[in-house]
Amino acid sequence: MLIVNLLAIAGGCLMGFCKIAESVEMLILGRLVIGLFCGLCTGFVPMYIGEISPTALRGAFGTLNQLGIVIGILVAQIFGLNTILGTKELWPLLLGFTIIPAILQCASLPFCPESPRFLLINRKEEESAKEILQRLWGTQDVAQDIQEMKDESIRMAQEKKVTVVELFRAPSYRQPIIISIMLQLSQQLSGINAVFYYSTGIFKDAGVKEPIYATIGAGVVNTIFTVVSVFLVEKAGRRTLHLIGLGGMAFCSILMTISLLLKDNYGWMSFICIGAILAFVAFFEIGPGPIPWFIVAELFGQGPRPAAMAVAGCSNWTSNFLVGLLFPSAAFYLGAYVFIVFTGFLVIFWIFTFFKVPETRGRTFEEITRAFEGQVPAGNRGEKGPIVEMNSIQPTKDTNV
């Protein structure tokens, strides 16, 4: 993570000085470098957070990653106003601000501990891992967690190195990787980025006189409901929140379509449309926003986790790119009916989540991995069965919190 911040600094400098150099190529190259940085970070950060978090708080800490992202989006929206940095003279400075969080992270990361799971399982440094766990969790009793890591280390030693191809070939990995990809697709094909990328135009079509401020309002809602998700994710569970989010977004997308079609005939429909957009954003941050990023790290053990995060991240960014590329054309030809397409995707993902996605709240990495392999101890499951039976496993009580 420390090294990839150099990409953010390089990309920020290229974009920040492109106007002075009168070089469009510098702007394009800077965007490409920043894109590479974002792709790497969206894999490394959730994986690191999941590995250093107590089991009982893993979801809440994972959601904090999304909170940081949405706060960054909101700050960028505010600084992008014409009255601040969104002018012909200052826009390069706005793009160059990318280097500020990267420099702050470079300064703070040396004070962050190495992942204890990485130290024990990959480097066999048990004492270092134990010291870090004790310091992070504020307790001397970490024997249960150390033993769980040792068990996973033994299992890793008995398996060959996991590649991306192996994730799809091995039966024990195939189900979790398909779930991981589908969850990432459910985030991007929900239509959320279509709303954010083109929100100003959508609000303008809805009759808003100053659509840019409505877009910032959507960013505020985005942030508020991410905070709400932080407190709900360990109480309601990942699967439940994801289902609520997808269902709510599907309803709102139908409402947006109806209101956009009728706003010319009924003036009050513009308010319905605005409310539907804000509710759409709120439901997104309750489930589909934060959950796909950290649940992938929960579904895999230490060995296959990096490859799985790479595949999931690639799926996410590829679908993100396709939505951004195709939405303008789809909106041109379909008009208000374009959101019905996203409704269809949301319904499909809701059905998939209901039948295939397990609840991982309160379960250790070892329990989740064994559940996919059909090896959960009898005390937790009566007999071997399909993946959906994993939802019946009783969460492990975490005594370290």
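> If you had to explain the overall build of the protein to someone new, which residues and values would you point to?
The helix and strand inventory of the protein stands at 19 helices and zero strands. Rg of the C-alpha trace for the protein: 22 Å, near the compact-globule value of 21 Å for 401 residues, within the 12% margin. A total of 401 residues make up the protein; the buried ones form 50% of that total. Within the protein, contacts between residues separated by at least 24 positions form 75% of all contacts whose residues are at least 6 apart in sequence. Put simply, the protein shows about 19000 Å² of open surface, and 69% of that area lies on carbon and sulfur atoms. The averaged location of the 29 negative side-chain charges in the protein is 4 Å from the averaged location of its 29 positive side-chain charges.

> An account of the packing of helix α3 (residues 58–79) against helix α16 (residues 291–299) is requested, with residue identities and associated values reported.
Axis separation between α3 and α16 bottoms out at 8 Å; the angle between their running directions is 140°. With respect to their mutual orientation, α3 and α16 come out oblique. When you trace α3 past α16, the crossing you get is right-handed. Across the interface between the two elements, Arg58, Gly59, Gly62, Thr63 and Gln66 from α3 touch Trp293, Phe294 and Glu298 from α16.

> Go over the packing of aromatic side chains with me, naming the residues and quoting the values.
What characterises a pair of aromatic rings is the spacing of the ring centres plus the angle enclosed by the ring planes. Evaluation of the coordinates by the stated rule reveals nine aromatic pairs. Each ring, one from Phe79 and one from Phe97, has its centre 6.1 Å from the other, and the planes form 75°; the classification is edge-to-face. On the criterion of sequence distance, the pair formed by Phe79 in helix α3 and Phe97 in the loop between α4 (91–96) and α5 (99–108) is long-range, its members being 18 residues apart. For Phe79, a relative accessible area of 33% corresponds to the partly exposed category. For Phe97, a relative accessible area of 31% puts it in the partly exposed group. Measuring from ring centre to ring centre gives 5.1 Å for Phe332 and Tyr333, while their planes differ by 85°; the resulting arrangement is edge-to-face. Just as Phe332 is exposed, Tyr333 falls in that class too. Put simply, the rings of Phe327, Phe339 and Phe342 pair up and form one aromatic cluster. The ring of Phe354 is capped by Arg239, whose NZ or CZ atom sits 5.3 Å from the centre of that ring.

> Run through the pattern of salt bridges, naming residues and quoting values.
Tallying each qualifying case throughout the model produces six salt bridges. Measuring nitrogen to oxygen at the nearest pair gives 3.0 Å for the salt bridge that ties Glu51 to Arg305. With a gap of 254 residues between them, Glu51 in helix α2 (residues 24–52) and Arg305 in helix α17 (residues 305–334) connect regions that are remote in the sequence. Considered together, Glu51 and Arg305 belong to a single accessibility category, that of buried residues. Sharing partners across several salt bridges, the network here consists of Arg58, Glu234, Arg238 and Glu298.

> Provide a residue-level description of the confidence of the model for the protein, including the pertinent values.
Put simply, the protein has an average pLDDT of 85, and 92% of its residues get 70 or more. Confidence, read as mean pLDDT per element, is least for helix α12 (residues 199–205) in the protein (75) and greatest for helix α18 (residues 338–356) (94). In the predicted structure, residues 375–389 sits below a pLDDT of 50 and forms 23 contacts with residues beyond four places in sequence or in another chain. Overall, residues 392–401 carries pLDDT values under 50, and its contacts beyond four positions in sequence, including any with other chains, amount to 25 contacts.

> Break down the packing of helix α1 (residues 5–16) against α2 for me, citing the residues and quoting the values.
Where α1 meets α2, the closest approach of the two axes is 8 Å, and the angle between their N-to-C directions is 160°. Taken together, α1 and α2 sit at an angle that is classed as roughly antiparallel. As α1 packs across α2, the resulting crossing turns out to be left-handed. Between α1 and α2, the contacting residues are Asn5, Leu7, Ala8, Gly11, Gly12, Leu14 and Met15 on the first element and Met26, Leu27, Leu29, Gly30, Arg31, Val33, Ile34, Leu36, Phe37 and Leu40 on the second. Looking at the contact of α1 with α2, its residues break down into 12 nonpolar, four polar and one charged.

> Describe in detail a nonpolar patch on the surface, supporting the description with residues and values.
A contiguous nonpolar surface patch, about 1100 Å² in accessible area, is contributed by Ile254, Ile258, Leu261, Phe332, Tyr333, Leu334, Tyr337, Ile340, Val341, Phe345 and Ile348. Of all the secondary-structure elements, those providing two or more residues to the nonpolar patch are α14 (238–262), α17 and α18. Among the elements that take part in the nonpolar patch, α18 stands out by supplying four residues, more than any other. Mapped onto the secondary structure, Tyr337 falls in the loop between α17 and α18.

> Tell me what's going on with helix α7 (residues 126–137), and back it up with residues and numbers.
Helix length check: α7, at 12 residues, gives a terminal C-alpha distance of 16 Å against a target of 16 Å (1.5 Å per residue), a fit within 8%. Where the residues of α7 are buried, they touch α2, α6 (116–122) and α8 (143–157). Just beyond α7, the residue with positive phi is Gly138, at close to 65°.

> Kindly report on the nonpolar core, identifying the contributing residues and their values.
Ranked by size, the top nonpolar core spans 64 residues in total, and within it Leu167, Phe280 and Phe339 carry the most contacts. Of all the elements, helix α15 (residues 269–286) adds the most residues to this core, at eight residues. For Phe280, the residues in contact, after removing those within four places along its chain, are Ser190, Gly191, Ile192, Val195, Met249, Cys252, Ser253, Met256 and Leu346. Within the second largest apolar cluster, 10 residues are counted, among which are Leu119, Leu120, Ile121 and Val142.

Conventions adopted
- Residues numbered from 1 in each chain as written.
- Predicted model: local features only at pLDDT ≥ 70, side-chain atom pairs only at ≥ 80, totals over all residues.
- Heavy atoms only, no water.
- Helix = DSSP H or I, 4+ residues; strand = E, 2+ residues; numbered from the N terminus.
- Rg over C-alpha atoms; globule rule 2.2 N^0.38 Å.
- Buried < 20%, exposed > 50% of the residue type's maximum accessible area, 1.4 Å probe, protein only.
- Contact = heavy atoms within 4.5 Å.
- Areas by Shrake-Rupley, 256 points an atom, 1.4 Å probe, with all protein chains shown as cover.
- Lys, Arg positive; Asp, Glu negative; His and termini not counted.
- Charge placed at Lys NZ, Arg CZ, Asp CG, Glu CD.
- Axes fitted to C-alpha atoms, helices over the stretch in contact; angles between N-to-C directions.
- Parallel < 35°, antiparallel > 145°, perpendicular 65-115°, else oblique.
- Left-handed = near helix turned anticlockwise from the far one by under 90°.
- Phe/Tyr/Trp six-rings, centres within 6.5 Å; stacked < 30°, edge-to-face > 60°.
- Lys NZ or Arg CZ within 6 Å of the ring centre and 35° of its normal.
- Salt bridge = Lys/Arg side-chain N within 4 Å of Asp/Glu carboxyl O.
- pLDDT = per-residue confidence, 0-100.
- Nonpolar A, V, L, I, M, F, W, Y, C, P; charged D, E, K, R; others polar.
- Patch = residues over 30% accessible without salt bridge, like charges linked within 9 Å, V, L, I, M, F, W, Y side chains within 5 Å.
- Expected span 1.5 Å × (residues − 1).
- Core = buried A, V, L, I, M, F, W, Y, C linked by side-chain atoms within 4.5 Å.

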